Amino acid sequence: MVRSLGLIPQILLPPITRAAALLTMVAMAALGLGVDVRVVARTGVRVTLAVTASLIVLGVMSYGLIRLVGMP
């Protein structure tokens, strides 16, 4: 809302954007660290494979989108 109202100077937008991306990555890592791998492994091979496959697909999609929009 603050940005939509033009209250943030244009020169501050790139560092704010980078900080937001970094904080998002930190939050996602924290969520991942909260997962107990032993509990996931006890659920069975099929569940473990499904989780692993979904993470791989998400990673490939993320990488593809990053390359598509031309980010380094």
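Every value quoted in this text rests on a predicted model; they were computed, and no experiment measured them.

Comments concerning the overall build of the chain
Okay, so step 1: Along the backbone of the chain there are three helices and zero strands.
Okay, so step 2: Reading the helices (α) and strands (β) of the chain from amino to carboxyl end gives α-α-α.
Okay, so step 3: Relative to the compact-globule value of 11 Å for 72 residues, the chain shows a C-alpha radius of gyration of 18 Å, a clear excess of over 25%.
Okay, so step 4: The principal-axis extent of the C-alpha atoms belonging to the chain is close to 50 × 25 × 20 Å.
Okay, so step 5: Counting every position in the chain, which comprises 72 residues, the buried fraction comes to 1%.
Okay, so step 6: As presented, the chain carries roughly 6,500 Å² of accessible surface, and 76% of it is formed by carbon and sulfur atoms.

Thoughts on helix 3 (residues 45-68)
Okay, so step 1: Its 24 residues give helix 3 an end-to-end C-alpha distance of 34 Å, which sits within 8% of 34 Å, the value for a rise of 1.5 Å per residue.
Okay, so step 2: After helix 3 finishes, the residue glycine 70 shows a positive phi value of roughly 85°.

What about the confidence of the model for the chain?
Okay, so step 1: Mean pLDDT over the chain works out to 84, with 97% of the residues at or above the 70 mark.
Okay, so step 2: When mean pLDDT is taken per element in the chain, helix 3 scores highest with 87 and helix 2 (residues 37-42) scores lowest with 76.

Digging into a nonpolar patch on the surface
Okay, so step 1: On the surface, Val47, Val51, Leu55, Val57, Leu58 and Met61 cluster together into a nonpolar patch covering about 520 Å² of accessible area.
Okay, so step 2: Inspection of the secondary structure assignment puts leucine 58 in helix 3.
Okay, so step 3: With a relative accessible area of 49%, leucine 58 lands in the partly exposed category.

Thresholds, definitions, all that
- Residues numbered from 1 in each chain as written.
- Predicted model: local features only at pLDDT ≥ 70, side-chain atom pairs only at ≥ 80, totals over all residues.
- Heavy atoms only, no water.
- Helix = DSSP H or I, 4+ residues; strand = E, 2+ residues; numbered from the N terminus.
- Rg over C-alpha atoms; globule rule 2.2 N^0.38 Å.
- Buried < 20%, exposed > 50% of the residue type's maximum accessible area, 1.4 Å probe, protein only.
- Areas by Shrake-Rupley, 256 points an atom, 1.4 Å probe, with all protein chains shown as cover.
- Expected span 1.5 Å × (residues − 1).
- pLDDT = per-residue confidence, 0-100.
- Patch = residues over 30% accessible without salt bridge, like charges linked within 9 Å, V, L, I, M, F, W, Y side chains within 5 Å.
- Salt bridge = Lys/Arg side-chain N within 4 Å of Asp/Glu carboxyl O.

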